[in-house]
Amino acid sequence: MAYCVSRFQTVRRPTREVLVGGVGVGGSNPIRIQSMTTSDTQDVAATVRQSVALAEVGCEIVRVTAPNVQAARCLRDIRAGLSAAGWGAVPLVADIHFLPQAAMEAVEHVEKVRVNPGNYADKKRFAVRDYSDADYERELQRLHEAFSPLVMRSKELGRSMRIGTNHGSLSDRIMNRYGDTPLGMVESALEFLRIAESHGFRDIILSMKSSNPKVMIEAYRLLVERMDGEDMHYPLHLGVTEAGDGEDGRIKGSIGIGSLLLDGLGDTIRVSLTEDSVYEIPVARAIADKAMSLWRGAAPAGPAADSIDPYHFERRAAAALELGAAPVGPGQPPRVIVRVPAAAAAAAALVELASPRLKDTPAEGLLVPVGEPADLETLRRCLAAAPKAPAFLVLELAPGLLPEHVEPFLAAAGIPGVLMRRFADGAQLAVWASLARRTGSFVAVDATPGELEGLASDVKAAGDGRIIVTCSGVSPAGGDHAVGAYRRIVEILSHARSPAPIWIRNTAGTSVKADGSFLSRLIEASILTGSLLCDGVGDLVSIETEADPARSARLAYNVLQGAGARISKAEFVACPSCGRTLFDLQTTTQRIRAQTAHLKGVKIAIMGCIVNGPGEMADADFGYVGGAPGKINLYVGKQCVQYNIPQAEADAHLIALIKEHRKWAEPEPAHA
Ligand code: SF4
């Protein structure tokens, strides 16, 4: 069964409407924006201040942690304070982990309660045991008894609820039966959902968060498929947890949330950033606006499904291409291409791209527009003077360029060339493919899905290992989106039995609701590139919206890392902080990053508390977790190896631990 109406166009998934106070979620409502306060909940004045600040920048639903019954009691005064400040229409949500008593208190005061099915009625002990069917049934009965009082009280008071599953905080029961998988996440939510329905309570929103966008995307798709199978139509709250801060946090959030929104899933979103919560709102707003601008009312004509399995990640098998020092194909990471605006700009770009600063984020291909034969001579001179040549060149050929103009340049270039252009017909493609074979070059076919339909057999005939396919001309005006266009291209190539590698081009033309800002361009690139990479599609990537080549390369590598497709630096999993946080997450994350960012491939989690931190730091190699006020616990994987280190000494202990596990390298001068 499909999880969405169309993977090519954005048709919103129909859901029931759930009222969170007076704010409707799902149904015909717009995508709602939400965030969370980070103050100590028992500091009522500070929490009201933060809630007001969030409401003022457009946050429509505010979540507040209730780590214990005293904090839950404070929600009454926070609710009153927010209303007194003129924001009575902004609903509050109590965030509950572990303590049903706190939930029972909170539901009296706020419009919605979020429970985590991984820990509402279960203590997480990472225990490994076999559950017989009878054991499992007994566990479910225990769950029913623990969860039912909250369900019934919510129903009486007209509250709504979020069943919010987090990858990494699944119960031992679920872990032992389903493993740490998207299926386990879905089953975890469904257990709670069935209990709620048994009491006739349906004011429920669901979430399936993970710090890994790939896992999160699969889990939401699977959840919808399973809910449809049980005739359940609940709205979805989308989010990527522990995404971190800065560019990386925005990229991860955009990949996970944007990808699902493009498929029509998602009714309310939170972009988690390890920054002040108010900074989350413009990012969430921009992602939601882009998605809503694509909504179509009715199911589109044409194919609804494709042959990519949306529930299991598998990289599309592409032909090998010998692109010099940056080969493409099986076992190779997606390659990064950087575009310069004109041949004359190549000299400066080649100097900039040769900087040692870019050692881990090299521009492997240089894309150069060639409008006339003289541009080739300019490019030849630039290459001759360059401190370092790229692994390959991509020549973006104007229609007037002929093979005889290009052949001498290719013969003398000394590095592989890729000839990119649009082709009027198969005969024209055959001429250029013949030139590519003679000169050891390659051809990039830039075509819309409609154009590629007519060329697919010629692409196959030109020979595997010689052709790349890309698509830069999708206009969102007709309701199409670029992710859908690339998916159609994959289908067309699959029917033609062509394994031609696919080059994801992020160009200004693919933009939807772009306002020209860097944030807008970052979101666009993350959604297009990240969605496709999480589908297993994409062998080369270029982000052509950036004028600065170094910035273009850096953004491409950051998107590749966010999608888990190529690792070029250390990765930081950092919680967004909340009322439980035991240290300043923002400055701590920045400080640890400054010391360890050069440790390529090492994953470090920085988590504010031991209540949720260890469970939610996913598959990090090392964890820095708030153990008590002023004290840090250090982890290797899921194992706590040092307790209660004074915070002033914790960085040094963390570095010593990384060294002990042979993952340390001294920073090079460029990093230092
Ligand atoms: S891990 Fe961070 S965001 Fe999660 S509960 Fe602890 S302090 Fe709050």
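The structure we're discussing is the one just above.
Q: Just checking my understanding: could you explain the overall build of the chain for this structure?
A: For the chain, the count of helices and strands is 20 helices and 23 strands. For the chain, the C-alpha radius of gyration of 26 Å lies close to 26 Å, the compact-globule estimate for 672 residues. With the principal axes as the frame, the chain shows a C-alpha extent of 80 × 60 × 55 Å. In the chain, which comprises 672 residues, the proportion classed as buried is 60%. Put simply, 73% of the contacts in the chain that link residues at least 6 apart link residues at least 24 apart. Accessible surface for the chain amounts to roughly 23900 Å². Of this, 53% is attributable to carbon and sulfur atoms.

Q: Quick question: what am I supposed to make of the pattern of salt bridges here?
A: When charged atoms on two side chains of opposite charge get close, those side chains can pair. Under the criterion given, the structure shown has 50 salt bridges. Across the salt bridge formed by R438 and E407, the nearest N and O atoms sit 3.0 Å from each other. Of this pair, R438 sits in helix 13 (residues 426-439) while E407 sits in helix 12 (residues 403-413), placing them 31 residues apart in sequence. What makes E407 partly exposed here is its relative accessible area of 26%.

Q: Is there a simple way to explain the sheet that holds strand 8 (residues 204-209) in this structure?
A: Strands in a sheet are paired, the pairing made by backbone hydrogen bonds, and the direction either parallel or antiparallel. With respect to topology, eight strands assemble into an open sheet ordered 8-7-6-5-4-3-10-9, the strand pairing being parallel. Either end of the sheet is taken by a strand with one partner, and the two such strands are strand 8 and strand 9 (237-240). In this sheet, neighbouring strand axes are inclined to one another by 25° on average, regardless of whether the strands run parallel or antiparallel. Judged from the six bridges that link them, strand 7 (residues 160-166) and strand 8 form a sheet pairing that is parallel. Along strand 8, the bridge assignment pairs G164 with S207. Seen against the sheet, helix 8 (residues 246-262) touches strand 9 and strand 10 (268-271) and runs at an angle of roughly 150° to strand 9.

Q: Explain the site of the ligand here, please?
A: In the vicinity of the ligand, the residues found are C575, S577, C578, R580, T581, G608, C609, N612 and G613. When the residues that make up the shell around the ligand are grouped by side-chain class, the tally is three nonpolar, five polar and one charged.

Q: How do you make sense of the side chain of R487 when you look at a structure like this?
A: Relative to the assigned elements, R487 resides in helix 15 (residues 482-495). Filtering out sequence-adjacent residues up to four positions away, R487 remains in contact with Y3, R7, F8, R221, D263, D306, L532 and D535.

Q: Please explain the packing of helix 12 against helix 13 as it appears in this structure.
A: Think of two packed helices as two axes; the pair is described by the angle between the axes and how far apart they sit. Relative to each other, helix 12 and helix 13 sit at 15°, their axes nearing to 11 Å. Accordingly, the angle class assigned to the pair helix 12 and helix 13 is roughly parallel. Here the hand of the crossing between helix 12 and helix 13 comes out right-handed. Contact with helix 12, carried on its side by P403, V406, E407 and L410, involves V431, W432, L435, R438 and T439 of helix 13 and no other residues of that element. Residues of the contact of helix 12 with helix 13, tallied by class, amount to six nonpolar, one polar and two charged.

Q: Is there a simple way to explain the packing of aromatic side chains in this structure?
A: One pair of aromatic rings is described through two measures. These are the centre distance and the angle between the planes. Counted under the stated rule, the structure contains five aromatic pairs. For the pair Y120 and F192, a centre-to-centre distance of 6.4 Å together with 85° between the ring planes defines the contact as edge-to-face. Separated by 72 residues along the polypeptide, Y120 in the loop between strand 6 (112-115) and helix 4 (133-157) and F192 in helix 6 (residues 182-198) bring together distant segments of the chain. Taking relative accessible area as the criterion, F192 reaches 0% and is therefore assigned buried.

Q: How should the pairing of strand 13 (residues 392-397) be read in this particular structure?
A: Across a regular strand the side chains alternate sides, sitting on one face of the sheet and then on the other. With five of six residues buried, strand 13 is to be regarded as a mostly interior element. Pairing analysis gives six bridges linking strand 12 (residues 365-370) to strand 13, with the strands arranged parallel. Of the residues in strand 13, the one forming a bridge with V370 is L397. A crossover links strand 12 with its parallel partner strand 13, the connecting element being helix 11 (residues 373-385), and its sense is right-handed. Bridge count for strand 13 against strand 14 (residues 417-421) is four bridges, and the pairing is parallel. The residue of strand 14 that forms the bridge with L393 is G417.

Q: For this particular structure, what's the right way to read the sheet that holds strand 13?
A: The sheet built from eight strands closes into a barrel, its strands ordered 11-12-13-14-15-16-17-18 with parallel pairing. For this sheet, the mean angle separating the axes of adjacent strands, direction not counted, is 25°. Packed onto the sheet, helix 13 meets strand 13, strand 14, strand 15 (442-446) and strand 16 (467-470) and runs at close to 150° relative to strand 15. Helix 16 (residues 518-534) contacts strand 17 (502-506) and strand 18 (540-543) of the sheet and is inclined by roughly 165° relative to strand 17.

Q: I tried to follow the state of the cysteines on my own but got confused; where do I start?
A: Covalent bonding between the sulfur atoms of two cysteines is what defines a disulfide. Evaluation of the coordinates by the stated rule reveals zero disulfides. The cysteine C4 is free of any disulfide, with C534 supplying the nearest cysteine sulfur at 15 Å. According to the relative accessible area criterion, C4 is buried, its value standing at 11%.

Q: Teacher, can you tell me more about the packing of helix 10 (residues 346-353) against helix 11 here?
A: Two elements in contact, helix 10 and helix 11, have axes separated by 9 Å at closest approach and are oriented at 25°. One way to sum up the angle between helix 10 and helix 11 is to call them roughly parallel. By crossing handedness, the relation of helix 10 to helix 11 is classed as right-handed. Between helix 10 and helix 11, the contacting residues are A346, A347 and L350 on the first element and L379, C382 and L383 on the second.

What counts and what doesn't
Residues numbered from 1 in each chain as written. Predicted model: local features only at pLDDT ≥ 70, side-chain atom pairs only at ≥ 80, totals over all residues. Heavy atoms only, no water. Helix = DSSP H or I, 4+ residues; strand = E, 2+ residues; numbered from the N terminus. Rg over C-alpha atoms; globule rule 2.2 N^0.38 Å. Buried < 20%, exposed > 50% of the residue type's maximum accessible area, 1.4 Å probe, protein only. Contact = heavy atoms within 4.5 Å. Areas by Shrake-Rupley, 256 points an atom, 1.4 Å probe, with all protein chains shown as cover. Salt bridge = Lys/Arg side-chain N within 4 Å of Asp/Glu carboxyl O. Pairing = 2+ DSSP bridges. Axes fitted to C-alpha atoms, helices over the stretch in contact; angles between N-to-C directions. Near = heavy atom within 4 Å. Nonpolar A, V, L, I, M, F, W, Y, C, P; charged D, E, K, R; others polar. Parallel < 35°, antiparallel > 145°, perpendicular 65-115°, else oblique. Left-handed = near helix turned anticlockwise from the far one by under 90°. Phe/Tyr/Trp six-rings, centres within 6.5 Å; stacked < 30°, edge-to-face > 60°. Right-handed = clockwise from strand over helix to strand, strands pointing away. Disulfide = S-S within 2.5 Å.

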